[in-house]
Amino acid sequence: MPDYQIEHWDGPRCISQADIFAAFLDKVLPDDWSNFAEKLSGRRSLNAHVALDGRGQLLGLKLGYERNRGVFNSWIGGVGEEARGQGIAAALMAAQHAWAKEAGFRGLETATRQPNRAMAILNLKAGYLISGLDATAGEPTKILYYKSL
Ligand SMILES: CC(C)(COP(=O)(O)OP(=O)(O)OC[C@H]1O[C@@H](n2cnc3c(N)ncnc32)[C@H](O)[C@@H]1OP(=O)(O)O)[C@@H](O)C(=O)NCCC(=O)NCCS
């Protein structure tokens, strides 16, 4: 039995927990997560799947929203270093994909920075196909993925 549980949080809950998400993301995916509540607000179909330990602490997160009509954009994800290698990221993805299908989305899109081997493997295992490359000058190169539901 895994010692975590997965919950689905709707958009308002994500916005109310934005500071907790930002503090978590600062550790797993260092970037500028300031004003995160503002960055989340106004996004269509915003929601997250979270993995929580027995005390309700965040172990993992998968958050997305609808960017292109009918396609769910799986925007950000991560698992705390202490909780890696137990299948949490794979379980969060499976939960997110099942939710998106049930919610009527025709597909999922996501992107990873080119050197992120772990996420590339996870994405391919979860049924994504590579759909493109974003090689904008001055920005980290990103691999783009799409999964038809
Ligand atoms: C990438 C990440 C989410 C994986 O989380 P995790 O819970 O440890 O992953 P899982 O245990 O669910 O792994 C599932 C499968 O993914 C692959 N995988 C996971 N981590 C891997 C790694 N470091 N190297 C290669 N493959 C890896 C394996 O195939 C694994 O299956 P296996 O354990 O049967 O071999 C986690 O390392 C992380 O948060 N990294 C930093 C943040 C990040 O990169 N976020 C994504 C930004 S788009």
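Worth saying up front: this structure is predicted, and the values here are computed from it rather than measured. (Residues numbered from 1 in each chain as written. Predicted model: local features only at pLDDT ≥ 70, side-chain atom pairs only at ≥ 80, totals over all residues.)

Draft legend 1. Here's a closer look at the overall build of the protein chain. Within the protein chain one finds 5 helices and 7 strands. The helix and strand sequence of the protein chain, counted from the amino end, reads β-α-α-α-β-β-β-α-β-α-β-β. Relative to the 2.2 N^0.38 estimate, which gives 15 Å for 149 residues, the radius of gyration of the protein chain is 15 Å and therefore close to what a compact globule would have. In terms of overall dimensions, the protein chain has C-alpha extents of about 40 × 35 × 30 Å along its principal axes. Counting the 149 residues in the protein chain, one finds 28% classified as buried. (Helix = DSSP H or I, 4+ residues; strand = E, 2+ residues; numbered from the N terminus. Rg over C-alpha atoms; globule rule 2.2 N^0.38 Å. Buried ≥ 20, exposed ≤ 12 C-beta atoms within 10 Å, placed from the backbone.)

Draft legend 2. Structural view of the site of the ligand. The full set close to the ligand counts 20 residues, and Gly78, Arg84, Ala89, Ala90 and Ala118 are the nearest of them. Take the shell around the ligand: its biggest share by element is 6 residues, from helix α5 (residues 117–125). Taken together, the residues of the shell around the ligand break down into 10 nonpolar, 7 polar and 3 charged. (Near = placed C-beta within 6 Å. Nonpolar A, V, L, I, M, F, W, Y, C, P; charged D, E, K, R; others polar.)

Draft legend 3. View of the nonpolar core. With 20 residues, the main nonpolar core has Ala51, Leu59, Leu61 and Ile88 as its most contacted residues. Every element with two or more residues in this core is listed here: α2 (18–28), α3 (36–40), β2 (47–52), β3 (58–66) and α4 (88–102). (Core = buried A, V, L, I, M, F, W, Y, C linked by C-beta atoms within 7 Å.)

Draft legend 4. Expanded view of α2. For α2, the complete set of buried residues consists of Phe21, Phe24 and Leu25. Along the axis of α2, the buried positions cluster into a sector of 100°, meaning they face one direction only. In α2, the exposed residues that point more than 90 degrees away from the buried face are Asp19, Ala23 and Lys27. Buried residues in α2 make contact with α3, β3 and β4 (71–79). (Arc of directions from axis to C-beta. Contact = placed C-beta atoms within 7 Å.)

Draft legend 5. Expanded view of the environment of Leu46. When you line up the elements, Leu46 lands in the loop between α3 and β2. In this structure Leu46 comes out as buried when scored by C-beta crowding, with 20 C-beta atoms within 10 Å. In this structure, the C-alpha to C-alpha distance between Leu46 and Glu66, residues 20 residues apart in sequence, is 7.1 Å. Setting aside chain neighbours within four positions, we find Leu46 in contact with Gly11, Cys14, Leu40 and Tyr65.

Draft legend 6. Up close: the sheet that holds strand β1 (residues 5–10). Within the open sheet, the 7 strands sit side by side as β1-β2-β3-β4-β5-β7-β6. Their pairing is mixed. In this open sheet, the two edge strands, each paired with only one partner strand, are β1 and β6 (129–134). Neighbouring strand axes in the sheet, compared pairwise and without regard to direction, differ in orientation by 25° on average. When β6 meets strand β7 (residues 142–148), the two strands line up antiparallel, connected through 5 bridges. Paired with Ile130 across the two strands is Tyr145, which belongs to β7. Sheet strands in contact with α4 are β1, β2, β3, β4 and β5 (107–113), and its direction is about 30° off that of β3. α5 rests against β5 and β7 of the sheet, and its axis sits at about 160° to β5. (Pairing = 2+ DSSP bridges. Axes fitted to C-alpha atoms, helices over the stretch in contact; angles between N-to-C directions.)

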